[in-house]
Amino acid sequence: MTQLPAAVLWDMDGTLVDTEPYWMAAETPLVESFGGTWTHEQALTLVGRGLEDSARILQSAGVAMGVTEIIDHLTEEVRRQLVTEGVPFRPGARELLKSLRASGLRTALVTMSMRRMAEDIVALIDFPAFDLIVAGDDVERPKPHPDPYLQASRQLGVDPASVVALEDSPTGLRSAVAAGVVTIGIPHIVALDGLGAHELWPTLSDRTAADVADVFAVHGTAGRRDEVAASEAQA
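- An unreviewed UniProt entry annotates the chain as HAD superfamily hydrolase (TIGR01509 family) originating from Microbacterium resistens.
- As recorded by UniProt, the Sequence similarities (unreviewed entry) comment attached to the chain reads in full: "Belongs to the HAD-like hydrolase superfamily. CbbY/CbbZ/Gph/YieH family."

This is the structure in structure tokens:
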């Protein structure tokens, strides 16, 4: 196996678990309860966004509730669905996470969901999956700002350039890229072409720590040193 990154940072909704349909199922009746309409296209604009931003967009769609009230309502509704429907892990996500942990890699969950929901999901994983959770209520500026990934790197004590992030949304991908993190996009509901991902994987199925290490070898700190050396040799 080539050089491993210092850590791997995971987005949650849509990357680790397929909860986006749960969020959409919570948004639609909420808007309709205030006499509004909520289309699938509108729901897509919230994918990967911080909950405060999402709440304001829902207010503009007619939801006459405060931002905190909207966040609490949606969070509890999605948590209820998780209890009744179960946690839908994305294909290959749990297996890749286990491979990373077996390789001794540090991992963090970087999500814009509330901490209580992130902790609920992590508690249902039957092995020690994450060293750290950075949630939406832990940061002042949500994705697409770089703050969540910078905070996770800082708390782990690693250089952002020495880690890899896994993201499924344009908002999350922009956040990781802006933080200087090597970013693998795994498109799910929304396409990620042309947004700066270092690599795009169609799925996490059959991926292992070795695959992550290969991406880091090309695009991480070692790969960047090789690019600089090659450029200097040609000069």
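Moving on from the coordinates now.
Looking at the overall build of the chain
Next, step 1: On a plain count of helices and strands, the chain comes out with ten helices and six strands.
Next, step 2: Relative to its length of 235 residues, the chain is compact, with a C-alpha radius of gyration of 18 Å against a globular reference of 18 Å.
Next, step 3: A total of 235 residues make up the chain; the buried ones form 50% of that total.
Next, step 4: Of the contacts made within the chain by residues no fewer than 6 positions apart, 63% connect residues no fewer than 24 positions apart.

Here's the deal with the pairing of strand 2 (residues 106–110)
Next, step 1: In terms of residue burial, strand 2 counts as a mostly covered element, since four of its five residues are buried.
Next, step 2: Following the chain from strand 2 across helix 6 (residues 115–123) to the adjacent parallel strand 3 (residues 132–134), one finds a crossover that is right-handed.

Here we look at unusual backbone geometry
Next, step 1: Residue proline 144 follows lysine 143 across a cis peptide bond; omega there is 15°.
Next, step 2: Along the chain, the position of proline 144 falls in the loop between strand 3 and helix 7 (147–156).
Next, step 3: With phi around 70°, aspartate 206 is a residue other than glycine that occupies positive phi space.
Next, step 4: Along the chain, aspartate 206 falls in the loop between strand 6 (199–200) and helix 9 (209–219).

Focus on helix 4 (residues 67–85)
A turn of α-helix holds 3.6 residues, and therefore any two residues three or four places apart point the same way.
Next, step 1: The terminal C-alpha atoms of helix 4 lie 27 Å apart, and with 19 residues this matches the ideal 27 Å at 1.5 Å per residue to within 8%.
Next, step 2: Along helix 4, the positions that sit buried rather than exposed are Ile70, Ile71, Leu74, Thr75, Val78, Gln81 and Leu82. Down the axis of helix 4, the sector holding all buried residues measures 125°, keeping them to one side. Away from its buried face by more than 90 degrees, helix 4 exposes Thr68 and Val83.
Next, step 3: Lining the buried residues of helix 4 we find helix 1 (20–33), helix 3 (51–60) and helix 6.

Focus on empty space enclosed by the protein
Next, step 1: Here the structure, examined in full by the defined rule, presents two cavities of 30 Å³ or more.
Next, step 2: What lines the largest cavity is a set of 20 residues, among which Asp13, Glu20, Leu46, Gly48 and Arg49 lie closest to the centre.
Next, step 3: Going through the elements one at a time, helix 1 and helix 3 are the ones with two or more residues in the lining of the largest cavity.
Next, step 4: With four residues, helix 1 is the single largest residue contributor to the lining of the largest cavity.
Next, step 5: A breakdown of the residues in the lining of the largest cavity according to their chemical character gives eight nonpolar, five polar and seven charged.
Next, step 6: Here the second largest cavity is characterised by a volume of approximately 40 Å³.
Next, step 7: Along the walls of the second largest cavity sit Gly14, Thr15, Arg90, Pro91, Ile186, Thr203 and Leu204, which together make up its complete lining.

Quick word on the packing of helix 4 against helix 6
Next, step 1: Their axes nearest at 10 Å, the elements helix 4 and helix 6 cross at an angle of 10°. By the angle between their directions, the pair helix 4 and helix 6 is classed as roughly parallel. On helix 6, the residues that touch Asp72, Thr75, Glu76, Val78, Arg79 and Leu82 of helix 4 are Arg116, Met117, Asp120 and Ile121.
Next, step 2: Tallied by class, residues from the contact of helix 4 with helix 6 come to four nonpolar, one polar and five charged.

Section: the packing of helix 3 against helix 4
The packing of two helices is summarised by the inter-axis angle and the distance between the axes.
Next, step 1: It is at 9 Å that the axes of helix 3 and helix 4 come closest, and there the two elements cross at 105°. By the angle class used here, helix 3 and helix 4 are roughly perpendicular. Between helix 3 and helix 4, the contacting residues are Leu51, Glu52, Ala55, Arg56, Leu58 and Gln59 on the first element and Val67, Ile70, Ile71, Leu74 and Thr75 on the second.
Next, step 2: Broken down by class, the residue content of the contact of helix 3 with helix 4 amounts to seven nonpolar, two polar and two charged.

Quick notes on the rules
- What you see as residue numbers is a count from 1 along each chain, following the sequence as written.
- Note on the predicted model: pLDDT of at least 70 is required for a residue's local features to be given, and 80 or more for side-chain atom pairs to be given and counted; whole-chain, interface and lining totals, by contrast, use all residues.
- To get the side-chain values, all heavy atoms of the structure are used, and hydrogens and water are removed first.
- UniProt positions are given in the numbering used here, feature names are shortened, and annotations may be inferred rather than shown by experiment.
- Under the scheme used here, helices are H or I runs from DSSP no shorter than 4 residues and strands are E runs no shorter than 2 residues, and both carry numbers assigned from the N terminus.
- For the radius of gyration, the atom set is restricted to C-alpha positions; the globular benchmark scales as 2.2 Å times the number of residues to the power 0.38.
- The rule is simple: take the accessible area with a 1.4 Å probe, protein chains only, and divide by the maximum for that residue type; under 20% is buried, over 50% is exposed, in between is partly exposed.
- Should any heavy atoms of two residues lie within 4.5 Å, those residues are considered in contact.
- Convention used here: a crossover is right-handed provided that the path from the first strand, over the helix, to the second strand proceeds clockwise when the strands point away from the viewer.
- Expected span of a helix, by definition, is 1.5 Å for each gap between consecutive residues, and there is one gap fewer than residues.
- Our arc is simply the arc of the directions from the helix axis toward the C-beta atoms.
- Here a cavity is any set of points on a 1 Å grid over the protein atoms alone where a 1.4 Å probe fits but cannot get out, and a pocket is any open set with protein on both sides within 12 Å along at least 5 of 7 lines; a residue lines the site when it has an atom within 4 Å of a point.
- Grid points are joined across faces, edges and corners, and a volume is the space filled by probe spheres set on the points.
- Under the convention adopted here, Pro, Cys and the residues Ala, Val, Leu, Ile, Met, Phe, Trp and Tyr are nonpolar, Asp, Glu, Lys and Arg are charged, and Gly plus all remaining residues are polar.
- All axes here are fitted lines through C-alpha atoms, helices being fitted over the stretch that makes contact, and every angle between N-to-C directions spans 0 to 180 degrees.
- Roughly parallel means an angle under 35 degrees; roughly antiparallel, over 145; roughly perpendicular, 65 to 115; everything else is oblique.

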